[in-house]
Amino acid sequence: MLYISPQTENYMAVRGQFSNKLGFIMAAAGSAVGLGNIWKFPFEVGQGGGAIFVLMYLIFCFALCFPVMVTEIAIGRKTQRNPVGAFNALGFRNWNIVGKLGILSGVLILSFYNVVAAWAFGYVFEMAVGHFNVGAGFGSAESAYTTDIVKIGIYGIVFMTATAFIVNQGVSKGIEKATKILMPTLIIMILGLVIYSLTLDHSMKGLSFYLKPDFSAIKGKVVYSALGQAFFSLSLGMGALITYGSYVSKKDNILSSAALITLMDVGIAFIAGLMMFPFVAYMSNGTMEGVSGGPGLIFAVLPGVFESLGTIGPVIGAIFFLLLSFAALTSTVSLLEVPVAYAVDEHGVKRKRAVWLVAGLIFIIGIPSMLSGGYSEFFTGFIQYVKAEKATDFLTFVSDTASDTFLPLGGFLITVFAAYAWKRNNLEEELAQGASKYKGSFLSKYISIAITVVCPLILGSIFILTVLSKFFGVQIFA
Ligand code: PFF
């Protein structure tokens, strides 16, 4: 693509734009809704002690992440650039390091995300043939499935290729359309499974784990994992929404779009939890054993549930994982779009070339994560954090670093930038475009306080807490 300055009238037309406001919302919601909601959220809740984690997560999403989200979209729309170019375009070259950190986070996240997406995608076929005990021993380094490196490798290549193929087409109509149909289908399916889960034995035990907070269970880990999860789930802190914001029209209302995206994302995570915990209770005969089992949770629990459905089990199971794979695809697309937009805009690489090069590179970076599900002892027991009970595998290590640490750090830096470098009246100006009643409203006051005080303070302190307690074993509170 030729480089065209943003001042040029047809810049938007050349760069590509979402077909309309709904297109942007669907694409951004597509980025937000993915494995984070259905795979990561339940296992994080399981490890974080249940309802108390859910509560922290909800507070973080609405109070802290929402202001970060509108800020990212506003920076993107204002500058029409990728996360690095955006800071340059606003005249703050020194700050483009924030964009660079975001690109690094995106690369790291996609490297392991593609592996989990490959697991999920492979499950479509496993379920279809009624192979329901695939997940047995998942996470315990004994699963025949995750250690079948040829299979996972092939699914991984297929998934990354599909992602690259879609990103290659630019901001694509196809994906907007598909999202509009497939996302509601996924929601209906989860709701159906929620109803089914409530009919099973011990379901109330699962629900109470999920919904009844035990305040004595608050620990540093719960706080930072909930924050990391909120950022990860909403695709924040790495400039994905700066990039998507760059395709949004000046006429659109950023605030209402962001509110819808947040509600949709949080809503889907919430119902995924409603479905999962009664299932865990059912599968564990009411003991909730295995609930803190980590990344293998849905892969270990869901097959047994589909099996219990009888003859329609294979069909339901296969459709479920197919829809989940699609949800993952709309997220991997946004993850790949960030480094690609950077390479194209800032380094003049041709789009097609950038897409395939970056996708190939990220696939290679993901290989150790692929091997860390039991295949390679070295990567499965990759690192022992100070004072940790057991070793952490490579995939979890990358996720800990990129999503629990870098994303909230990115969010912190983005709010500090908007408040103290770019200045909040400029942000307000941009947000008011397309939202005529915004200026002077209660919401504008909240966003202003959030980005100047609340977000910098809380995100900054949690960042320090995370690094100290996660990697160095220093416990600030019990
Ligand atoms: N939000 C996605 C999910 O929950 O699956 C993951 C993700 C996508 C994170 C895009 C960050 C991002 F930029």
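Higher on the page you've got the structure.
Below is a short write-up of the structure. All of these numbers come straight from a predicted model, not from anything done at the bench. (Residues numbered from 1 in each chain as written. Predicted model: local features only at pLDDT ≥ 70, side-chain atom pairs only at ≥ 80, totals over all residues. Heavy atoms only, no water.)

### Topic: the packing of helix 4 (residues 51–79) against helix 19 (residues 442–472)
Between two packed helices, the angle of one axis relative to the other and the distance separating the axes together describe the packing.
And step 1. Across the interface, helix 4 lies against helix 19 with an axial gap of 9 Å and an inter-helix angle of 110°. Taken together, the axis directions place helix 4 and helix 19 in an arrangement best described as roughly perpendicular. Touching Phe60, Ala63, Leu64, Phe66, Pro67, Val68, Val70 and Thr71 of helix 4 are Leu443, Tyr446, Ile447, Ala450, Ile451, Val454, Cys455, Ile458, Leu459 and Ile462, all from helix 19.
And step 2. Residues of the contact of helix 4 with helix 19, tallied by class, amount to 17 nonpolar, one polar and no charged. (Axes fitted to C-alpha atoms, helices over the stretch in contact; angles between N-to-C directions. Helix = DSSP H or I, 4+ residues; strand = E, 2+ residues; numbered from the N terminus. Parallel < 35°, antiparallel > 145°, perpendicular 65-115°, else oblique. Contact = heavy atoms within 4.5 Å. Nonpolar A, V, L, I, M, F, W, Y, C, P; charged D, E, K, R; others polar.)

### Digging into the packing of aromatic side chains
And step 1. Throughout the structure, instances matching the rule amount to 34 aromatic pairs.
And step 2. Aromatic pair phenylalanine 121 and tyrosine 155: ring centres 5.9 Å apart, planes at 85°, arrangement edge-to-face. Of the two residues, phenylalanine 121 is situated in helix 6 (residues 96–128) and tyrosine 155 in helix 7 (residues 149–168); the sequence distance between them amounts to 34 residues.
And step 3. Taking relative accessible area as the criterion, tyrosine 155 reaches 12% and is therefore assigned buried.
And step 4. Here the aromatic residues Phe41, Phe53, Tyr57, Phe209, Tyr210, Phe270 and Phe277 are joined through ring pairs into a cluster of three or more.
And step 5. Above the face of the phenylalanine 232 ring, lysine 40 is positioned so that its terminal group lies 5.0 Å from the ring centre. (Phe/Tyr/Trp six-rings, centres within 6.5 Å; stacked < 30°, edge-to-face > 60°. Buried < 20%, exposed > 50% of the residue type's maximum accessible area, 1.4 Å probe, protein only. Lys NZ or Arg CZ within 6 Å of the ring centre and 35° of its normal.)

### Section: the pattern of salt bridges
And step 1. Tallied over the entire structure, the rule returns eight salt bridges.
And step 2. For the salt bridge of arginine 77 with glutamate 430, the shortest nitrogen-to-oxygen distance reads 2.8 Å. Of this pair, arginine 77 sits in helix 4 while glutamate 430 sits in helix 18 (residues 394–432), placing them 353 residues apart in sequence. Across the pair, exposure class does not vary: arginine 77 and glutamate 430 are buried alike.
And step 3. Between lysine 250 and glutamate 430 there is a salt bridge, with its nearest N and O atoms 3.1 Å apart. One end of the pair, lysine 250, is in the loop between helix 11 (240–245) and helix 12 (254–283); the other, glutamate 430, is in helix 18, and 180 residues separate them in sequence.
And step 4. Residue classification places glutamate 430 among the buried positions, given a relative accessible area of 3%.
And step 5. Members of the salt-bridge network, linked through shared partners, are Arg77, Lys250 and Glu430. (Salt bridge = Lys/Arg side-chain N within 4 Å of Asp/Glu carboxyl O.)

### Thoughts on the nonpolar core
And step 1. In terms of nonpolar packing, the biggest core is built from 167 residues, with Phe320, Phe321 and Leu336 touching the most fellow members.
And step 2. With 19 residues, helix 6 is the single largest residue contributor to this core.
And step 3. With near-sequence residues (within four places) excluded, leucine 336 lies in contact with Leu110, Thr163, Ala164, Val167, Val355, Val358, Ala359 and Ile362. (Core = buried A, V, L, I, M, F, W, Y, C linked by side-chain atoms within 4.5 Å.)

### Some remarks on the side chain of serine 257
And step 1. Take serine 257: it is sitting in helix 12.
And step 2. Owing to a relative accessible area of 2%, serine 257 belongs among the buried residues under this scheme.
And step 3. Ignoring sequence-local partners within four residues, the contact set of serine 257 consists of Lys21, Phe24 and Ile25.

### Points about the packing of helix 6 against helix 7
And step 1. It is the contact of helix 6 with helix 7, at a shortest axis distance of 8 Å, that shows an interaxial angle of 110°. The angle between helix 6 and helix 7 places the two elements in the roughly perpendicular class. Across the interface between the two elements, Leu110, Asn114, Ala117, Ala118, Trp119, Phe121, Gly122, Phe125 and Glu126 from helix 6 touch Lys151, Ile152, Tyr155, Gly156, Val158, Phe159 and Met160 from helix 7.
And step 2. Classifying every residue of the contact of helix 6 with helix 7 by side-chain character gives 11 nonpolar, three polar and two charged.

### Some points on unusual backbone geometry
And step 1. A positive phi angle, close to 60°, is found at serine 235, a residue other than glycine.
And step 2. Its location among the elements puts serine 235 in the loop between helix 10 (220–233) and helix 11.
And step 3. Even without being glycine, methionine 288 reaches a positive phi, approximately 60°.
And step 4. With respect to the secondary-structure elements, methionine 288 resides in the loop between helix 12 and helix 13 (297–307).

### A short note on the site of the ligand
And step 1. In the region of the ligand, 15 residues are neighbours, and Ala32, Gly36, Tyr113, Phe232 and Ser235 sit closest.
And step 2. In this structure, glycine 36 approaches the ligand through a main-chain N or O atom, which is 2.8 Å from an oxygen atom.
And step 3. Burial of the ligand by the surrounding chains reaches 100%, relative to a free accessible area of 330 Å².
And step 4. For the shell around the ligand, the secondary structure elements donating two or more residues are helix 2 (21–32), helix 3 (35–47), helix 10 and helix 14 (313–347). (Near = heavy atom within 4 Å. Polar contact = N/O pair within 3.5 Å; in protein donor to acceptor, adjacent residues only side chain to side chain. Areas by Shrake-Rupley, 256 points an atom, 1.4 Å probe, with all protein chains shown as cover.)

### Regarding a nonpolar patch on the surface
And step 1. Taken together, the side chains of Val386, Ile464, Leu468, Phe472, Val474 and Ile476 define a hydrophobic patch exposed on the protein surface, amounting to about 510 Å² of accessible area.
And step 2. With respect to the secondary-structure elements, phenylalanine 472 resides in helix 19. (Patch = residues over 30% accessible without salt bridge, like charges linked within 9 Å, V, L, I, M, F, W, Y side chains within 5 Å.)

### Things to note about helix 18
And step 1. The end-to-end C-alpha separation of helix 18 is 44 Å, well short of the 57 Å expected for 39 residues at 1.5 Å each.
And step 2. Along helix 18, the sharpest kink reaches roughly 105°, centred on tryptophan 422.
And step 3. Across the 39 residues of helix 18, 28 count as buried, placing the element largely inside the fold.
And step 4. Between the side-chain oxygen at the start of helix 18 and the backbone nitrogen of leucine 395 there is a gap of 3.2 Å, and the oxygen is on aspartate 393.
And step 5. At the C-terminal side of helix 18, glycine 434 shows a positive phi close to 90°. (Expected span 1.5 Å × (residues − 1). Bend = angle between axes of the 7 residues up to and from the residue.)

### Some thoughts on helix 12
And step 1. If you check helix 12, its first and last C-alpha atoms are 43 Å apart, about what 30 residues at 1.5 Å a residue would give, namely 44 Å.
And step 2. Within helix 12, 21 of the 30 residues are buried, which leaves it mostly tucked inside the rest of the structure.
And step 3. Between a side-chain oxygen at the N-terminus of helix 12 and the backbone nitrogen of leucine 255 the separation is 2.9 Å; the capping residue is asparagine 253.

### Quick word on the side chain of aspartate 404
And step 1. Note on placement: aspartate 404 falls in helix 18.
And step 2. Given the relative accessible area of 3%, aspartate 404 is considered buried.
And step 3. A distance of 3.2 Å separates the side chain of aspartate 404 from the side chain of lysine 470, its partner in a polar contact.
And step 4. In this structure aspartate 404 touches Lys40, Tyr224, Ser225, Gly228, Gln229, Ser399, Thr466 and Lys470, once residues within four positions along its chain are discounted.

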